[in-house]
Amino acid sequence: MRKPSPTSPGVTRRQVLTWSTGALAATASGVAKAVTLTGAPGWTPFSDNPPETFPDAGWLFFTDEEAATVEAIVDRLIPADELSMGGKEAGCAVFIDRQLQGFYGTFERLYMEGPFTEGTAQQGDQSPLVPRERYRKGLAALNKHTHATQQKAFRDLTPEQQDEILHGLEKGDIKLEGYDGEAFFAQILINTMEGFFADPIYGGNKDMVSWKMIGFPGARYDYRDLIERHNEDLKLQPVSIADLSNTKKGA
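What this report covers is the structure whose coordinates are included nearby.

Quick notes on the rules
- Residues numbered from 1 in each chain as written.
- Predicted model: local features only at pLDDT ≥ 70, side-chain atom pairs only at ≥ 80, totals over all residues.
- Heavy atoms only, no water.
- Helix = DSSP H or I, 4+ residues; strand = E, 2+ residues; numbered from the N terminus.
- Buried < 20%, exposed > 50% of the residue type's maximum accessible area, 1.4 Å probe, protein only.
- Contact = heavy atoms within 4.5 Å.
- Areas by Shrake-Rupley, 256 points an atom, 1.4 Å probe, with all protein chains shown as cover.
- Phe/Tyr/Trp six-rings, centres within 6.5 Å; stacked < 30°, edge-to-face > 60°.
- Lys NZ or Arg CZ within 6 Å of the ring centre and 35° of its normal.
- Polar contact = N/O pair within 3.5 Å; in protein donor to acceptor, adjacent residues only side chain to side chain.

**Quick notes on the overall build of the protein**
In step 1: Scanning the protein for helices and strands turns up 8 helices and 0 strands.
In step 2: The order of α-helices and β-strands along the protein, N terminus first, is α-α-α-α-α-α-α-α.
In step 3: A total of 251 residues make up the protein; the buried ones form 35% of that total.
In step 4: By sequence separation, contacts in the protein at least 24 residues apart represent 65% of the contacts at least 6 residues apart.
In step 5: Entry remark: accessible area of the protein is about 15,500 Å², with carbon and sulfur atoms responsible for 54%.

Below you can see the structure in the form of C-alpha cells.
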C-alpha cells in the first residue's frame, strides 16, 4: 500500500486560505475578483489518504480455482468484441481480488454490528456477510451446482453454457445450495463493472481500455484552458491517478 508522501514546495495551504479570505472580503466590499493561483501546489494528490493498492503480483485473496472461476465469469459479463478486450484481459478479476484483499473485503469502514434482519429493497444490503465471505460461499456453491448438473467446473463449460447459468442466476431461476445465487450474481456484476471502469491503479481497466472506448480523459488536474472549446474532439489521452504527479495543466 502506498504511504503518504511529503508535501512538496510551492503553493501552500496557508496561501490558499489567505487568498480565499481575501476573496471573501473583496466580495463583501463589492469588488470581488477571481483569484488565480500560480506555481506548483504545495501538496501532492492523495498525499494524506493514498489509494489502497497492492504491488504484489499473483492472487492475493482468491485460490487458483476461485480465480479461474471469476475470470470465466467476468469474461462472459464483458465479452471481447470490436470495441474492447474482454473482462478477463482487462483485469476485472484482478481488481476484484485486490478489493477483497483490502478494506472492502472485510467492510472495514462500514458498521457491521447486529441485529441483522431482512429489510426492504429501499433499505439496501442487510446481510451480515462481508464480501470475502460472499465470494467464498458463492463461488463454492456455483461450482457445486455445475458439477452436479454438468459434471464440470464452471470454468470448463462452453461460453453458451456459462451464459445460460449466469442468466439463470440473474433471474433467480437457478438456486444455489448454501448461498443466494441471485445475490451472488448481483455482487459479481457490480464488481466487474467497477473493475472495468475504475482507475487502472486498482488492478483493472488494463491500458485504460474502457476510458479510451468512451472517451473519458481520466483523472486530469486542470481543465481551465479547455472549458471554452465546445463541440471539439480534444484528443486527450486518459490519465491515471498514478500519473498525476507527472501531469501538467491541460496535458
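**Notes on the packing of aromatic side chains**
In step 1: By the definition in use, this model includes 7 aromatic pairs.
In step 2: Between Tyr-135 and Phe-184, the ring centres sit 6.1 Å apart and the planes meet at 75°, which makes this aromatic pair edge-to-face. Taken together, the positions of Tyr-135 in helix 5 (residues 131-150) and Phe-184 in helix 7 (residues 181-197) put the pair 49 residues apart, joining distant regions of the chain. Note on accessibility: Tyr-135 and Phe-184 belong to one class, buried.
In step 3: In this structure, Arg-109 packs its charged tip against the face of Phe-103, placed 3.7 Å from the ring centre.
In step 4: Residue placement shows Arg-136 over the ring face of Phe-61; its charged tip is 4.0 Å from the ring centre.

**Focus on the side chain of Thr-146**
In step 1: For Thr-146, the position within the fold is in helix 5.
In step 2: Relative accessible area serves as the criterion here: at 0%, Thr-146 is assigned to the buried category.
In step 3: Within the local environment of Thr-146, its side chain forms a polar contact with the backbone nitrogen of Phe-154, the two atoms lying 3.4 Å apart.
In step 4: If near-sequence neighbours (up to four positions away) are discounted, Thr-146 is found in contact with Gln-151, Lys-152, Ala-153, Phe-154, Leu-157 and Ile-165.

Any functional reading would require information beyond the geometric quantities listed.
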